[in-house]
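What follows is the residue order along each chain.
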Amino acid sequence: MAGKYKEYKSLNFAQIGSEILDFWKKEKIFEKSVTNREGAPSFTFYEGPPSANGTPGIHHVIGRTVKDIFCRFKTLQGYQVKRKGGWDTHGLPVELQVEKQLGITKDDIGKKISIEEYNQKCRETVMMYKDQWDDLTEKMGYWVDLQHPYITYSKEYIESLWWLLKQLYNKKLLYKGYSIQPFSPAAGTGLSSHELNLPGCYKDVKDTSIVAQFNIKKDHKSDFLFKKANADVFILAWTTTPWTLPSNTALVVGEKINYVQVNTFNPYTFKPVSVVLAKDLLGKYFSEKNKGLKLSEYKSGDKAIPYEIVQEFSGKQLIGIKYNQLMPYVQPLYDAEKAFQVVAGDFVTTEDGTGVVHSSPTFGADDFRVAKQHGIPPLTVRDDAGNEIPTVDRKGKFIREVGAKLKEGVAKFGIKTHKLLDVDDFYVKNYTNEDETHHDYKNTDVIISIILKEENKAFKVEKYEHTYPHCWRTDKPVLYYPLDSWFIKTTALKDKMAELNKTINWKPESTGTGRFGNWLENLVDWNLSRSRYWGTPLPIWKTKEGQEEICIGSMDELTNEVQKSIQAGIMKAALPPEFDLHRPYVDDVILVSPSGQPMYREPDLIDVWFDSGAMPYAQWHYPFENKEVFEKNYPADFIAEGVDQTRGWFFTLHAIAVMINECSDEIKAVNLSNGNPGIAFKNVISNGLVLDKNGNKMSKRLGNVVNPFETLSKYGPDLVRWYMMENAPPWDNLKFDYDGIVEVQRRFFGTLQNTYSFFALYANIDGFEKDEMNNVPASNLSLLDRWITSKLQSLIVEVTKAYDEYEPTRAARAIQDFVNDHLSNWYVRLNRKRFWKGEFSVDKKAAYETLYESLMVTAQLMSAIAPFYAEWLYKNLTDNIRQKAIANKTPLRHESVHLTDLVKAESSRIDMELELSMDYAQRICSLVHSIRKNSKIKVRTPLQKILLPVLDKSFADRIKTVEDIILAEVNVKTIQYIDDTSGVLVKKVKPNFPKLGKQYGPKMKEVSAVISSLNKEEIQVLEKQGALSKSGFDLVLEDVLISSEDIPGWAVASEGGLTVALDIRVTDELKKEGIARDFVNRVQNLRKEQGLEVLDKISIEVEKDGEAVTAALTEFSDYISTETQALTLELKDSIADATEVDMDEFVLKVRISVMK
RNA sequence: GGGCUUGUAGCUCAGGUGGUUAGAGCGCUACACUGAUAAUGUAGAGGUCCGUGGUUCGAGUCCACGCAGGCCCA
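The rules we used
- Residues numbered from 1 in each chain as written.
- Chains lettered and ligands numbered in written order.
- Predicted model: local features only at pLDDT ≥ 70, side-chain atom pairs only at ≥ 80, totals over all residues.
- Heavy atoms only, no water.
- Helix = DSSP H or I, 4+ residues; strand = E, 2+ residues; numbered from the N terminus.
- Rg over C-alpha atoms; globule rule 2.2 N^0.38 Å.
- Buried < 20%, exposed > 50% of the residue type's maximum accessible area, 1.4 Å probe, protein only.
- Contact = heavy atoms within 4.5 Å.
- Polar contact = N/O pair within 3.5 Å; in protein donor to acceptor, adjacent residues only side chain to side chain.
- Pairing = 2+ DSSP bridges.
- Axes fitted to C-alpha atoms, helices over the stretch in contact; angles between N-to-C directions.
- Salt bridge = Lys/Arg side-chain N within 4 Å of Asp/Glu carboxyl O.
- Arc of directions from axis to C-beta.
- Phe/Tyr/Trp six-rings, centres within 6.5 Å; stacked < 30°, edge-to-face > 60°.
- Lys NZ or Arg CZ within 6 Å of the ring centre and 35° of its normal.
- Parallel < 35°, antiparallel > 145°, perpendicular 65-115°, else oblique.
- Left-handed = near helix turned anticlockwise from the far one by under 90°.
- Nonpolar A, V, L, I, M, F, W, Y, C, P; charged D, E, K, R; others polar.

A closer look at the overall build of chain A
Stage number 1. The number of helices and strands found in chain A is 38 helices and 40 strands.
Stage number 2. Taken against the 2.2 N^0.38 rule, which gives 32 Å for 1156 residues, the C-alpha radius of gyration of chain A at 42 Å runs more than 25% over that of a compact globule.
Stage number 3. Based on the C-alpha atoms only, the size of chain A along its principal axes is roughly 135 × 90 × 55 Å.
Stage number 4. Every one of the 1156 residues in chain A was classed for burial, and the buried ones make up 54%.
Stage number 5. Pairs at least 24 apart in sequence give 77% of the contacts found in chain A among residues at least 6 apart.

Structure (structure tokens):
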């Protein structure tokens, strides 16, 4: 014998984890799983790079389990799955961590610390927790190439990024524009969102707020407003920043908000006006107590102003309406015909103001975005150099054109100010430290409101307290201000992106169509610029005046340009070979323009999301190296990350892929040959969050954070992985509960382990050894063997389908149901005797082989989710025949389950009829058990018969094939099939609602009443002739569902259309047999108590006790002897040292002894 | 505020296209079984299917409006 199957007293899943891990490492199984498939079709997976400057958490375990599952399964299916690890190394989090470590701020960079030192520190810090990450990756069994990862800060990676950017640049998809960002005029610098979140930045301040009147132009769209108006019609819009009113170019309403038109009077000029505002905000401006006042009776100057609501309508009706510019000081530079109209925006609320938002595209991010979407121009002018600038300069002061108009207004309306204000004195906030305590001091907002009041353009002016951000350096108010930025023109390919998105298989679908799809529809250009230090530099050089520029797309190109620069006498020396592309070195490179001017690099870095989104190309240093590898692995078949990556990595991958397909002929050719319409990934799973067991977010503050390392080492990786996949689909949030892991262990792994132990125990006793070359022919398999084999084949089909459809939960549950319900609780339980009884026959061999195959295939199917235990199981099943398998080149020659080829389902071995029959058998047994239970008759007492109502012949035929199994399982002698001829069966009918509903609809109640009223004869007619007319309804057989009535006088149970009756009369004969079986049970218990081996033979002595017992033991003595391995069974008058055994109804004295 | 999403037994989850007794596992209780025994079977208790309206002969399922949680974005 080559070797026994290993038997285990107890099982430690964590220990299995570490043992298998050692095996994998020692034998390089992961490496082999990739190299083994050389030449096979490739399945491409892209690893989204984590950042190693934070520690990994439990949520990384679920994300990486999802990734790992499909890579492993595809390998099992025969694909080659290369998976390169990667690290995200740039960006703000790294910078912040360094600043925290060094105790510095951004301001100190270039002063206390050089950019060079700072970036060096970033480079060191970024891999701070790499060891922990690698450790987690390994321990949880996530197979990814950690030896050759891509690193986003590497020179090669950056070169690929530059190449990509240059492709975009060449097609004019990379351009310089502006975006609205927080800006501090006092400090003269932009602020990051992080800086705005510093404590104390948001302060409560009192500002002048204005509800301004925007005068509507009459046209076909606005006509409905003029029909009800008594005067000019105005839309009311509220602002807390009156200084933005001169640059207003649009009004924004909510499409779903309800608005009203009100005829009333202006409270400052007392002129009649007709105003439009949100219905919900009416009460803010019109007092209920003035409701009764008549408009006709109003006299100028009256404090109580009458009003009349003349109509109500939705915001939708206001869209497209034009109005006269409120403060016509400066005209738009372009698209003037689009300016000054009403548009819809999703950010409009009815919490404050008027339900209408005044929009100034140059000074508000929302405003800017909405204006872009609707093609509304900003209000800008050209400066002396010809650049487009907003109406407020970088010092926070109105430009002269506006200043001049304001100065006129001050003079015209005689506004008193603390000093003479000239055209250059109108600062929008007090940035010049004017004396605010001066009694005539008026800030610009106040001056604007006075002018508007005088001009009948202000409906209400009041001080308003709100929180407003301030610059942490200067303590002065921040402005939202247009700042230069480089953009990728994603809007140019917006439709293409949306269209191609439809070719991507999203799990769950809603993330793709909803979250991602909607996001694409509302796409704005991608702001690429970051004013930082540690990141990929923008490869664009410009002359001082900005007339000439160049975008560099490779190291060669840069070297070349530097050479030119040296020749022009600008640069002194060529770049060293190890030249670092980061700041500050790259900033020292000064190139020369065609006209001989020096060109300086644009100081921006690019958004780190571009780094990660470019990984399909940059991970291979494409197109400078590895072209073939890239071509073979583009696009990805599969990616997976958290749902929070939807607008992050998922977007940048998609956006870059779609754009580069348009920009690069090379990529286009690759896509063409790969049949790729231009996407970066075909299938994507976006997994949910991991919450604590109560559904709360994990946080350090709440102290409910689950440590992944502790969890893995306590339960072992497989239990954790299985639990995460089996419990709920990964895209649902997971309520992480240790109890769930314990349950998985007991319910699934425990059962599977028991099944293996059972196999090993008896296989070793019988000396069974798997022989791949010599299997029992199918014709020698028992019914149950064929059944579980069929189930197993069906399982392969089902699990393969689930994995192919990226449904890991369905796969896990199917495997689990197979093992628990079918393999363990039915096949093994019903077959136990076959394994321990008798000689090593063909039938016994068939049983071993069937169970063996079930376990082996289970190991394969589960190996993607629980790779360690599956490996362990596989090795226990196959290690002893490895050498033979290698010699014979049979499937089990592989040392690891992860190197095997998945067994293919054979349809010839699937027997759906049998599966169906067995399903009936299981259900009938359950019903009989339930009757026994209710009648208090234990299973050891045999019963005479089961009555089974038969409604159609095929049902009876099915049951007959599994009759023996049912009878043995529930200890009953026969099944009697009863049909119409028996006279016992009473049929009843029920309406077949789905069918009838379509036909009768509203008459449903009548029909079902008629059907319920059918008597026995009528049912018979319907059944025989297939049709019946009653009460005006023509019924056919398909209109009803026939089932069996309870059988009078019998113990009956029914469930799901299946009815079973049981003869519960216990005859003397049955009673005796029951006693014999009880006796066997007691003897077995004694054997066990006395610690006998399974193979020990015994002799039994029993003290005589009444007729019934004597008769039972005599009559069934052969049976008893066989069951208990007794050589003799003697009835004696008295026995010394006898054990008293309780037989429920009486006590027997028994002695057993071992026979040598 | 917007987009997406979740809400079914004490807990974790199933419940194509609407069809009349809403299921499983765990947990709990009781009984049984016993050559897998730290396993197994059966039964019992446990539900306003988040709420309110609507469509329909019929709604856990479809629609509308809410409520509560989550994510992303403002």
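Comments concerning the side chain of Asn53
Stage number 1. With respect to the helices, strands and loops of the structure, Asn53 is situated in the loop between α2 (29-35) and α3 (58-76).
Stage number 2. Side chain to side chain, Asn53 and Gln97 meet in a polar contact 2.8 Å long.
Stage number 3. If near-sequence neighbours (up to four positions away) are discounted, Asn53 is found in contact with Pro93, Val94, Gln97, Thr125, Val126 and Tyr129.

Comments concerning unusual backbone geometry
Stage number 1. The amide bond that connects Lys507 to the next residue, Pro508, takes the cis arrangement and shows omega of -5 degrees.
Stage number 2. In this structure, Pro508 sits in the loop between β17 (505-507) and α15 (509-521).
Stage number 3. The phi dihedral of Lys28 is positive, around 50 degrees, even though this residue is not glycine.
Stage number 4. Within the secondary structure layout, Lys28 lies in the loop between α1 (13-27) and α2.
Stage number 5. The phi dihedral of Asn456 is positive, around 60 degrees, even though this residue is not glycine.
Stage number 6. Position of Asn456 relative to the elements: it lies in the loop between α13 (444-454) and β15 (458-469).
Stage number 7. Given a relative accessible area of 11%, Asn456 falls into the buried group.

Describing the sheet that holds strand β36 (residues 1058-1062)
Stage number 1. In spatial order, the strands read β30-β29-β36-β35; together these four strands make up an open sheet with mixed pairing. With partners counted over all chains shown, the strands left at the sheet margins are β30 (972-978) and β35 (1051-1055), one partner each. Here the average twist between neighbouring strands, direction ignored, is 25 degrees.
Stage number 2. Note that strand β29 (residues 943-949) and β36 share two bridges and pair antiparallel. Across the sheet, the residue bridging to Leu947 is Ala1061, located in β36.
Stage number 3. Relative to β30, helix α31 (residues 953-961) is tilted by about 170 degrees, and along the sheet it contacts β29, β30 and β36.
Stage number 4. Docked against the sheet, helix α32 (residues 963-970) engages β29 and β30, running at close to 130 degrees with respect to β30.

Quick look at the pattern of salt bridges
Stage number 1. Taken as a whole and assessed by the stated rule, the structure comprises 60 salt bridges.
Stage number 2. Of the charged contacts in the structure, one is a salt bridge between Asp607 and Arg530, with a shortest N-O distance of 3.4 Å. With Asp607 in the loop between β24 (605-606) and α17 (608-613) and Arg530 in strand β19 (residues 529-530), this pair connects stretches of sequence that are 77 residues apart.
Stage number 3. We classify Asp607 as buried; its relative accessible area is 6%.
Stage number 4. In this structure Arg530 comes out as partly exposed when scored by relative accessible area, which is 25%.
Stage number 5. The partner of Glu549 in a salt bridge is Lys542, with the nearest N and O atoms 3.4 Å apart.

A look at the sheet that holds strand β20 (residues 540-543)
Stage number 1. One open sheet holds the four strands; their spatial order is β21-β20-β23-β22, and the pairing between them is antiparallel. Looking at which strands have only one partner, the edges of the open sheet turn out to be β21 (549-551) and β22 (591-592).
Stage number 2. Judged from the two bridges that link them, β22 and strand β23 (residues 598-601) form a sheet pairing that is antiparallel. Bridge pairing in β23 places Val592 opposite Pro598.

Overview of the pairing of strand β5 (residues 202-215)
Stage number 1. Where β5 and β15 come together, eleven bridges link them in antiparallel fashion. From the neighbouring strand, Val211 faces β15, where its bridge partner is Lys460.
Stage number 2. Taken together, the six bridges between β5 and strand β6 (residues 233-239) define a ladder with antiparallel strand orientation. Counterpart to Gln213 in the pairing with β6 is Leu236.

Here we look at helix α35 (residues 1016-1025)
Stage number 1. Those residues of α35 lying buried are Glu1018, Ile1019 and Leu1022. The arc that holds every buried residue of α35, seen down its axis, measures 100 degrees, which confines them to one face. Away from the buried face of α35 by more than 90 degrees, exposed residues Lys1016, Glu1017, Lys1024 and Gln1025 are located.
Stage number 2. Its buried side turned inward, α35 meets β31 (987-991), β32 (1027-1030), β33 (1033-1036) and β34 (1040-1044).

A look at the pairing of strand β40 (residues 1147-1155)
Side-chain direction in a regular strand flips from residue to residue, so the side chains alternate between the two faces of the sheet.
Stage number 1. Sheet topology note: the strand β37 (residues 1097-1103)/β40 ladder contains six bridges and is antiparallel. Within the sheet, the bridge partner assigned to Ile1098 lies in β40 and is Val1154.
Stage number 2. Sheet analysis places strand β39 (residues 1139-1142) next to β40, joined by four bridges and oriented antiparallel. Residue pairing for β40: Thr1139 is matched across the bridge by Val1150.

A word on the environment of Val962
Stage number 1. With respect to the helices, strands and loops of the structure, Val962 is situated in the loop between α31 and α32.
Stage number 2. On the basis of relative accessible area, Val962 is assigned to the buried category, the value being 0%.

Things to note about the packing of aromatic side chains
Stage number 1. Scanning all chains against the criterion turns up 64 aromatic pairs.
Stage number 2. Their ring planes at 90 degrees and their centres at 5.1 Å tell us that Phe224 and Phe313 sit as a pair that is edge-to-face. In this pair, Phe224 sits in helix α9 (residues 223-226) while Phe313 sits in strand β10 (residues 308-314), placing the two residues 89 residues apart along the sequence. Just as Phe224 is buried, Phe313 falls in that class too.
Stage number 3. Among the aromatic residues, those joined into a ring-pair cluster are Tyr5, Phe758, Phe759, Tyr762, Phe768, Phe835, Phe840, Tyr848 and Tyr852.
Stage number 4. Its end group placed over the ring of Tyr153, Arg123 keeps NZ or CZ at 4.9 Å from the ring centre.

Observations concerning the side chain of Glu47
Stage number 1. When you line up the elements, Glu47 lands in the loop between α2 and α3.
Stage number 2. Overall, Glu47 belongs to the buried group, its relative accessible area being 2%.
Stage number 3. Side chain to side chain, Glu47 and Lys67 meet in a polar contact 2.8 Å long.
Stage number 4. Not counting residues within four places of it along the chain, the set of residues in contact with Glu47 comprises Arg64, Lys67, Lys84, Gly85, Gly86, Tyr142, Tyr150, Met615 and Trp649.

Some details on the packing of helix α30 (residues 912-935) against α32
Stage number 1. At a closest axis distance of 10 Å, the pairing of α30 and α32 adopts a crossing angle of 25 degrees. With respect to each other, α30 and α32 are oriented roughly parallel. Regarding α30 and α32, the two cross each other, and that crossing is right-handed. Contact residues: Met918, Ala921, Ile924, Cys925, Val928, His929 and Arg932 in α30; Ile965, Ile966, Glu969 and Val970 in α32.
Stage number 2. Within the contact of α30 with α32, the residues separate by chemical class into eight nonpolar, one polar and two charged.

Here we look at the packing of α15 against helix α20 (residues 649-663)
The description of two packed helices rests on the angle between their axes and on the distance between the axes.
Stage number 1. Running from N to C, α15 and α20 cross one another at 50 degrees; their axes reach a closest spacing of 12 Å. On the basis of the axis angle, α15 is oblique to α20. Note on packing geometry: the crossing formed by α15 with α20 is right-handed. The residues of α20 that touch α15, namely those facing Phe516, Trp519 and Leu520, are Phe650, Phe651 and His654.
Stage number 2. Along the lines of polarity and charge, the residues of the contact of α15 with α20 split into five nonpolar, one polar and no charged.

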